[in-house]
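# Structural overview for review
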Amino acid sequence: MRKAVFLLVLLLVLVTGSTAWGAVSEREEVSDCILTRGKFAVMLVQAANMGAIQDGEAAARLLVEKGILRGYPDGDLKLDRGITRLEATVLVGRTLGLKDGIEVPEWMGAPKNELPQGYWGYDLYNWISRLGLVKGDAYDVLTEAQGTEFLNKVFTSDARAKDILNKVKKKERELMENFGLRTGVECSMKMIARPGVEGAEKIPQVEGKVYTVQEMVWPDKIHQTTTISMNIPGEEQQEFTFEMYFVDGKMYQQMPDPDTGKLTWYRWPEDMLPGMEQIIEQAAIQTQAVPPELEEFIHYQMLGTKEIEGEEVYEIAFYGRVDDFEKFMKAAMNWFGNGEQLQQFAGLVAQMLDSMSYWGIQYVDVDEYVTRGMQSASLITCAEEFMGRPVPLKAEEMTMELEEYEFSDGIEIEVPEEVLNAPLLELPSKEETSKLPPSPREEAPDLLLEEKDTSLAME
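Reference entry: report on the structure contained in this document. The structure presented is a predicted model; accordingly, all values stated were derived computationally and were not measured.

## Looking at the pairing of strand β2 (residues 207-217)
Where strand β1 (residues 180-193) and β2 come together, ten bridges link them in antiparallel fashion. The residue bridging V185 from the neighbouring strand is T212, located in β2. Taken together, the eleven bridges between β2 and strand β3 (residues 221-231) define a ladder with antiparallel strand orientation. Across the sheet, the residue bridging to M216 is I222, located in β3. Remark: three residues form the turn of the hairpin made by β2 and β3, two consecutive strands paired antiparallel.

Have a look at this one:
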């Protein structure tokens, strides 16, 4: 009996051992196809146009410098290990400018995933899932083919989404010829100061809401009213309302008088306007929602359809990031035109800003191809210096909701006499601006220290 039992156990051991070796052999065969973290770093750097780096370590170092990739407590990035779908998704989210720990807004309707809430990467995985960019088990190790497919999807636009938006552009262009357009947009914003810079202490943790109503009669009349409500710690809520007209190539704006603080109308010098007429005209005659020059900076994904207030709408996600503002503004000018004023304006923007990221969802009527709503979030970071002076504002976060979007033949824009008689706004000349002495730059603490410490980037 004992002999029989012994033989049975020996047989089971041999069978189990053979199966295990076979499984190991298969895993080794499959492992040749797995995507390593180092290889994915190279693929991500190239897909996001950060450089033509071919070496995994060099690509990883670049991602570390940009705060996208973080190391383990021992400093090892473990580039030879396979990368999971979660890890790849987190790196892509950071590349797009999304921040760890920022929850998906309620209006985006975050999809449920298998990750426990609070788990590292939970929020970024939710963001990328909601944008329609990732599906599948978060813990699966990717193959090179899956990694390539994922990055191609992230950094290109869905053809069907682009087709729908081009139809929207065409339909709304036709409507603008016969109707005025009224829009109402509510924005929530939060300013973030740059510690260690003179003047930063004057930028408290201010949070505010902005509601802008704009009426437009094509091709050259715009009236805009903006109401700003600011919540400043330790002070009562403050509210301001400003107006702006753009008519017959002239722009009139209401702003505080520098001496009295009273809201006063001013007329902008026409040679300072960044080709406004040209911008409006070019935007109106374009037949593509996203011209080829700007496709690198904004992407669209088709999410499906849903019902809003009894109407069926397409749900289209959009997202993008701009790091090279000179390149972005050049592409934009190729679309709008290349006037001298516009070039000057583009140059100022490129100097003032460091990066801009944006994500959102647009809703389009499935029958009429007209926009029915839109929600978005954005993050704008400022350059450390502007015109030789340290910039005390580090960044601004903003969310936006399109609440009104209506074409109507009852929209008329009449400019009051008070506005037409407004004095010319006196701006400093180029010579006066160039003579401003640069302020001594104070050393700012390493704001990325917390992001570059021993916290895990990839578990």
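## Brief notes about the packing of helix α2 (residues 37-47) against helix α3 (residues 56-65)
Running from amino to carboxyl end, α2 crosses α3 at an angle of 65°, the nearest separation of the two axes being 8 Å. Regarding α2 and α3, the two cross each other, and that crossing is left-handed. Across the interface between the two elements, G38, A41, V42, L44 and V45 from α2 touch G56, A59, A60, L62 and L63 from α3. When the residues that make up the contact of α2 with α3 are grouped by side-chain class, the tally is eight nonpolar, two polar and no charged.

## With respect to unusual backbone geometry
Among all residues except glycine, the phi angle is most often negative; among peptide bonds, the trans geometry is most common. The residue N49 is not glycine, and still its phi comes out positive at about 55°. Its location among the elements puts N49 in the loop between α2 and α3. Here the phi dihedral of Y369 falls at roughly 55°; this positive angle occurs in a residue that is not glycine.

## Here we look at the packing of aromatic side chains
Using the criterion set out here, one finds ten aromatic pairs in the structure. With a centroid separation of 5.5 Å and 55° between ring planes, the pair formed by W127 and W359 is classed as tilted. Taken as a pair, W127 in helix α5 (residues 122-130) and W359 in strand β9 (residues 353-365) lie far apart in primary sequence, 232 residues in all. The same class applies to W127 as to W359, namely buried. Taken together, a centroid distance of 6.5 Å and an interplanar angle of 25° make the contact between F240 and F242 stacked. Looking at F242, the relative accessible area reads 21%, which means it is partly exposed. Put simply, the rings of Y119, W120 and Y139 pair up and form one aromatic cluster.

## Some thoughts on the packing of α2 against helix α6 (residues 144-154)
Taken N-terminus to C-terminus, the directions of α2 and α6 make an angle of 20°; their axes are 11 Å apart at the nearest point. Taken together, the axes of α2 and α6 are roughly parallel relative to one another. Helix-helix and strand crossings are classified by hand; for α2 and α6 the assignment is right-handed. From α2, K39, F40, M43, L44 and A47 reach across to α6, where they touch E144, G147, T148 and L151.

## So, the environment of D140
Positionally, D140 belongs in the loop between α5 and α6. A residue is classified by how much of its surface remains accessible, and D140, at 37% relative accessible area, is partly exposed. In the structure, D140 is positioned 53 residues away from E87 in sequence and 9.9 Å away in space, judged by C-alpha atoms. The residues contacting D140, other than those within four sequence positions of it, are I83, T84 and R85.

Quick notes on the rules
Residues numbered from 1 in each chain as written. Predicted model: local features only at pLDDT ≥ 70, side-chain atom pairs only at ≥ 80, totals over all residues. Heavy atoms only, no water. Pairing = 2+ DSSP bridges. Helix = DSSP H or I, 4+ residues; strand = E, 2+ residues; numbered from the N terminus. Axes fitted to C-alpha atoms, helices over the stretch in contact; angles between N-to-C directions. Left-handed = near helix turned anticlockwise from the far one by under 90°. Contact = heavy atoms within 4.5 Å. Nonpolar A, V, L, I, M, F, W, Y, C, P; charged D, E, K, R; others polar. Phe/Tyr/Trp six-rings, centres within 6.5 Å; stacked < 30°, edge-to-face > 60°. Buried < 20%, exposed > 50% of the residue type's maximum accessible area, 1.4 Å probe, protein only. Parallel < 35°, antiparallel > 145°, perpendicular 65-115°, else oblique.

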